[in-house]
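Coordinate analysis (summary)
Below, each chain spelled out in residue letters.
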Amino acid sequence: MAKSEPSNKALTSTLFSDLEPRLSEPVLGALEEGGFRFCTPVQAAAIPLLCSYKDVAVDAATGSGKTLAFVVPVVEILRRSSLPPKPHQVMGLIISPTRELSSQIYHVARPFISTLSGVQTLLLVGGVDIKVDMKKIEEEGGNVLIGTPGKIFDIMERIDILDFRNLEILILDEADRLLDMGFQKQLTSIISRLPKLRRTGLFSATQTEAVEELARAGMRNPVRVEVLTEAKLQTTGVQEMASSRTPSGLHIEYLECDADKKSSQLVDFVVKNMSKKMIIYFMTCACVDYWSVVLPKISILKGCSFTSLHGRMKQIAREKALATFTTLESGVFLCTDVAARGLDIPGVDWIVQYDPPQDPNVFIHRVGRTARLGKQGSAIVFLLPKEDAYVDFLRLRRVPLQERKISDDAVDIVPQVRSAAKEDRDVMEKGLKAFVSFIRAYKEHHCSYIFRWKDLDIGKLAMGYGLLQLPSMPDVKLHSLSIDGFTAAEDVDVKAIKYKDKAREKQRQKNLRKREAAAAAAAGEDHPTQQKTNPATGKAGKMARKSTGRQRKAAQTKEDAEELDHEYRLLKKLKRGIIDESEYEKLTGFGGFSDGDASSTEDERNNNPKVKQGSKKSTGGRKNLRRNKVKSRANVGQRRN
């Protein structure tokens, strides 16, 4: 009987039953039940190699079927063992970077591992009490461990009951992410405890220098498998075929707009794709928290389902959010990069990158949540005008993008966002946290020559976030970042805005009263001549003694030091040309005092209780001394540079 051809373009014409060495009947049966007949390119290449006891390093586009490419060999290698493993004898170890991905691998592997008699599989991830895991291991054992490096390392450190001496196979999934997340120390420790005579599979969508180093350290003569897809590039009206690092059925766009229009363009995009299932990526947990509260309050988004997920959520909440979105036919999933790797969420139509990722390698993993296994999907990334070089950067990395024009009829949502902030202090505070966290994260972009945080239009960005007022940020003031385009909300006392949650508001009022009382007490201490009634005698007496000469001298020294630092900074600005000499003289008072200047300084001294009248004579001398010190410090700084 002639072999039929696969209808899915992402599949090869190779059947699982045709692979050599031949797969066992129980595994072929499990594949058939799961609807898997034909192999993807990565499966056709990697499964025979691992089953032939070769080490493999696989570089394949996301959504290409890598999970089955290592689950099947793990089961086949364990099946060939001469004797069933003892309860605490670990034969297989699969490590992935996140809880969600580990959980997904665990559920994919279960139907196949269940074909092995007497083999116990354990899922070891964070968010679960380690004592519970330890008790389960002691009572039930574990032959195949699937989990995150942190939890597996912790288990290895705490208990000695697990025996790794006969381990057959180690799988490192999303290897580049394992290293990026800072797990290198744990991975090195884990690998050092494993036997050298084992099979190792290293799987990733991106091969970095760190991954290459890991391959050299943990693998023996690995066979490299690289699977690329083809993409159509539109150049000067002619379609050309080129290799791509993204799935063949994926169409990627970019939209360029100003920061103050970005949130309105996002809402317009969601409205026009309300019937679709989409994932929206943000750069920080605080941004996910904020927009997951704000977007449902926008009138034109009523009826749209929103679910959120980020790394600071508790494990139960994370699992519930992921399970909820997985079952939806349409809806919006707001998340950070914790959901960028490996997760197989069915039916995702759109990937929206509201914030480009800090690590450009993550871009490929994000868009890989759609167009999986030959299906069609779309993705879009929002860029600011000064970030347009990112498009060429991605094209050089074989990630083709096409421009999408901004929507001219997008509704301005900023008034609605501000209205929500005025009604609930929680919204206002979440907005401030999201805004500050975004700027801090922006400073950590790997492509800092494209994403230059000092070029951020802070004013427009704050408008796009719907902030009522600009928060006080030292970096913004220090580097004189642009606040043009921001208009503070009128007739709003932000201190008077209340929480909708009555319990939180009650606690806030209580805290305010405490602070006011503490401030009043501190103000009383600042005036040592203030009279207070002695409860024992009923007579008035002074609250505190007059400060000693040593205390006054220490206070003056501190004040001089602070002024010296201030004047040094001004001198640096003068040398850079940021201010001119007249401004410098005015700000420091180093120039000759006119009568008007002298009287003004005298008035300030009289109005400031911390400045003593007896110190007037030495003021000029201290200023000249400071001036010499400042110049000396500036000269030293120039020599160092």
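Quick summary incoming for the structure in this document. Model, not experiment: these values are computed from the prediction.

This next bit is on unusual backbone geometry. Along the chain, glutamate 20 connects to proline 21 via a cis peptide bond; the corresponding omega equals 0 degrees. A positive phi is found at tyrosine 53, a non-glycine position, where the angle reads about 65 degrees. Positionally, tyrosine 53 belongs in the loop between helix 2 (41–51) and strand 1 (56–60). Not every positive phi belongs to a glycine, and glutamate 174 is a case in point at roughly 50 degrees. Mapped onto the elements of the fold, glutamate 174 is located in the loop between strand 5 (169–173) and helix 7 (175–180).

So, on to helix 8 (residues 184–192). Residues of helix 8 that are buried include every one of Gln186, Leu187, Ser189, Ile190 and Ile191, and no others. On its buried face, helix 8 sits against strand 2 (92–95), helix 6 (149–158), strand 5, helix 7 and helix 9 (209–218).

The next point concerns the sheet that holds strand 15 (residues 377–383). Pairing within the open sheet is parallel, and its 7 strands lie in the order 12-13-11-14-15-10-16. A strand with exactly one partner marks an edge of an open sheet, and here the two such strands are strand 12 (306–309) and strand 16 (402–404). Strand-to-strand twist of the sheet, defined as the mean angle between neighbouring strand axes without regard to direction, takes the value 25 degrees. With 4 bridges connecting them, strand 14 (residues 350–353) and strand 15 associate as parallel partners. Directly across from isoleucine 351, in strand 15, lies its bridge partner alanine 379. Docked against the sheet, helix 11 (residues 285–294) engages strand 12 and strand 13 (331–335), running at close to 150 degrees with respect to strand 13.

Of all hydrophobic cores here, the largest spans 95 residues; its most connected members are Ile279, Ile280, Trp291, Phe363, Phe435 and Tyr465. Apart from residues no more than four positions distant in its own chain, tryptophan 291 is found in contact with Ser263, Phe282, Pro296, Leu334, Tyr354, Gly464 and Tyr465.

Analysis parameters
- Residues numbered from 1 in each chain as written.
- Predicted model: local features only at pLDDT ≥ 70, side-chain atom pairs only at ≥ 80, totals over all residues.
- Heavy atoms only, no water.
- Helix = DSSP H or I, 4+ residues; strand = E, 2+ residues; numbered from the N terminus.
- Buried < 20%, exposed > 50% of the residue type's maximum accessible area, 1.4 Å probe, protein only.
- Contact = heavy atoms within 4.5 Å.
- Pairing = 2+ DSSP bridges.
- Axes fitted to C-alpha atoms, helices over the stretch in contact; angles between N-to-C directions.
- Core = buried A, V, L, I, M, F, W, Y, C linked by side-chain atoms within 4.5 Å.

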